[in-house]
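# Remarks on the overall topology
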Amino acid sequence: MIPTAFDYARATSLDDAIARLQAAGGAGKLLAGGHSLVPLMKLRLSEPAVLIDIGHIPDLAGIRESDGVVEIGANTRHHDVATSALLRERCPVVADTAAVIGDPQVRNRGTLGGSLAHADPAADYPAAMLAVDADLHLKGPGGWRVVKARDFFQGVFTVDLAADEILAKVTFAASRASAYAKLHQRASRFAIVGVAAALETGGGIIRTARVGLTGAASSPSRLAGVEAALAGQPATAAAAAAAARGAGDGVSELNADIHGSAEYRRAMIPVFTRRALEAALARAGG
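Summary of the structure given here. Model, not experiment: these values are computed from the prediction.

## What about the pattern of salt bridges?
Summed over all chains, the structure comprises 16 salt bridges. E65 serves as the salt-bridge partner of R90, at 2.8 Å between the closest nitrogen and oxygen. Of the two residues, R90 sits in helix 4 (residues 85-90) while E65 sits in strand 4 (residues 63-66), which places them 25 residues apart along the sequence. Between D160 and R145 there is a salt bridge; the shortest N-O distance is 2.9 Å. On the criterion of sequence distance, the pair formed by D160 in the loop between strand 9 (158-159) and strand 10 (166-173) and R145 in strand 7 (residues 143-148) is long-range, its members being 15 residues apart.

Structure representation (structure tokens):
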């Protein structure tokens, strides 16, 4: 199909983009990679009056680290996240996640910020952002505010982001003992079940654990029961398997479609939780 008519504007800065969003009065959409927005426009499920291109704003892309805190600009392409030497060394769960998004075309055009703001229930990044306890940095007419990943995702395609705000970057502490495991839908490569794990270990013990789930339910979430079961346990595959066993218990609003029933998804959550935990432990050396 052909989208409805729209105006196009190329923003030169974050403040310029915010001003254009305000001027659009709720009828404007941001364009970065466009992999989610353009198909919706073709189906006329989204009919913006103006597209505001933020893909050329300086300093809105890139991966850097300072004092143990990693920063990724919202316009950073999935391919750049997946192949980042810094991320593979310091926080591999994020690189793991980007590497299994879609296909090469999607990874070379899609952006971190676009994926997070769109909040597709089957998107991969939300699980990783929950696992690393990321801070999402938003800018709007009133200035900057920071939202924790656990508070950002609020429901199906729903996030804590105002119509005149822009997600500019994410920051998080580096976590070497981290990994992502995914059961993917074969055609789209979206997650039927995706689990991201980030562990803090020492002296052969798991001190803390954060485990994020995507794909299985209507909104990404932390697997709090698994996290509690792991804390203080030996950093072993046996401990990971024991904690993962009931990972699907208590997960509500499970998705069900032609790719997998709610029961199937619940059964797969423990499987991919265990795989993510075992991969994270292997990186911890424990």
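## Describing the sheet that holds strand 1 (residues 7-10)
Pairing within the open sheet is parallel, and its 3 strands lie in the order 1-3-2. What marks the edges here is a single partner per strand, and that holds for strand 1 and strand 2 (28-31). Recorded for the sheet is a direction-independent mean angle of 25 degrees between the axes of neighbouring strands. Examined bridge by bridge, strand 1 and strand 3 (residues 50-53) share 4 bridges and lie parallel to one another.

## Remarks on the nonpolar core
If you look at the biggest cluster of nonpolar residues, it comprises 36 residues, and the most contacted ones within it are I72, L87, V94, L116, M129, L136 and F172. The element contributing the most residues to this core is helix 8 (residues 125-131), with 6 residues. For L116, the contacting residues outside a window of four places in its chain are Y125, P126, M129, L136, F152, F153, V159, L167 and V170. Counting residues in each nonpolar core, the second largest holds 33 residues, with A179, L199, L223 and L254 among its members.

## With respect to the pairing of strand 11 (residues 178-184)
For strand 11, the buried fraction is high: 6 of the 7 residues fall into the buried class. The turn joining strand 11 and strand 12 (residues 191-202), which pair antiparallel and follow one another in sequence, is formed by 6 residues; a positive phi near 70 degrees is taken by R189.

## Some remarks on the layout of surface pockets
Taken as a whole, the largest pocket spans an internal volume of roughly 1,300 Å³. Along the walls of the largest pocket sit 47 residues, with S36, L37, G114, A117 and H118 positioned nearest its centre. Counting residues per element, the ones that place at least two in the lining of the largest pocket are strand 2, helix 2 (37-42), helix 7 (112-118), strand 9 and strand 10. Per element, the largest residue contribution to the lining of the largest pocket is 5 residues, and it comes from helix 7. Its residues placed into classes, the lining of the largest pocket shows 24 nonpolar, 18 polar and 5 charged.

## Some points on the sheet that holds strand 7
To summarise the sheet geometry, strands pair through backbone hydrogen bonds and adopt either a parallel or an antiparallel arrangement. Strand order in the open sheet made by the 5 strands is 4-5-10-6-7, with antiparallel pairing throughout. Looking at the sheet topology across the chains shown, the edges are occupied by strand 4 and strand 7. When the angles between neighbouring strand axes are averaged without regard to direction, this sheet yields 25 degrees. Along the sheet face, helix 1 (residues 14-24) touches strand 6 (135-140), strand 7 and strand 10 and points at about 130 degrees away from the line of strand 10.

## Some remarks on helix 11 (residues 237-244)
Here helix 11 has its buried residues at A239, A240, A243 and A244. Down the axis of helix 11, the smallest arc covering the buried residues is 125 degrees, so these residues share one side. Those residues of helix 11 that are buried lie in contact with helix 10 (224-230) and helix 12 (262-284).

## As for the packing of aromatic side chains
By the definition in use, this model includes 1 aromatic pair. Consider the rings of F152 and F153, whose centres lie 5.3 Å apart with planes at 85 degrees: the pair is edge-to-face. By relative accessible area, which is 0% here, F152 ends up buried. Classification of F153 by relative accessible area gives buried; the value is 8%. Residue placement shows K169 over the ring face of W144; its charged tip is 5.9 Å from the ring centre. Note that R275 overlies the ring of F272, its terminal NZ or CZ placed 4.6 Å from the centroid.

Conventions adopted
Residues numbered from 1 in each chain as written. Predicted model: local features only at pLDDT ≥ 70, side-chain atom pairs only at ≥ 80, totals over all residues. Heavy atoms only, no water. Salt bridge = Lys/Arg side-chain N within 4 Å of Asp/Glu carboxyl O. Helix = DSSP H or I, 4+ residues; strand = E, 2+ residues; numbered from the N terminus. Pairing = 2+ DSSP bridges. Axes fitted to C-alpha atoms, helices over the stretch in contact; angles between N-to-C directions. Core = buried A, V, L, I, M, F, W, Y, C linked by side-chain atoms within 4.5 Å. Buried < 20%, exposed > 50% of the residue type's maximum accessible area, 1.4 Å probe, protein only. Contact = heavy atoms within 4.5 Å. 1 Å grid on protein atoms, 1.4 Å probe; cavity = no way out; pocket = protein on both sides within 12 Å on 5 of 7 lines; lining within 4 Å. Points joined across faces, edges and corners; volume = space filled by probe spheres on them. Nonpolar A, V, L, I, M, F, W, Y, C, P; charged D, E, K, R; others polar. Arc of directions from axis to C-beta. Phe/Tyr/Trp six-rings, centres within 6.5 Å; stacked < 30°, edge-to-face > 60°. Lys NZ or Arg CZ within 6 Å of the ring centre and 35° of its normal.

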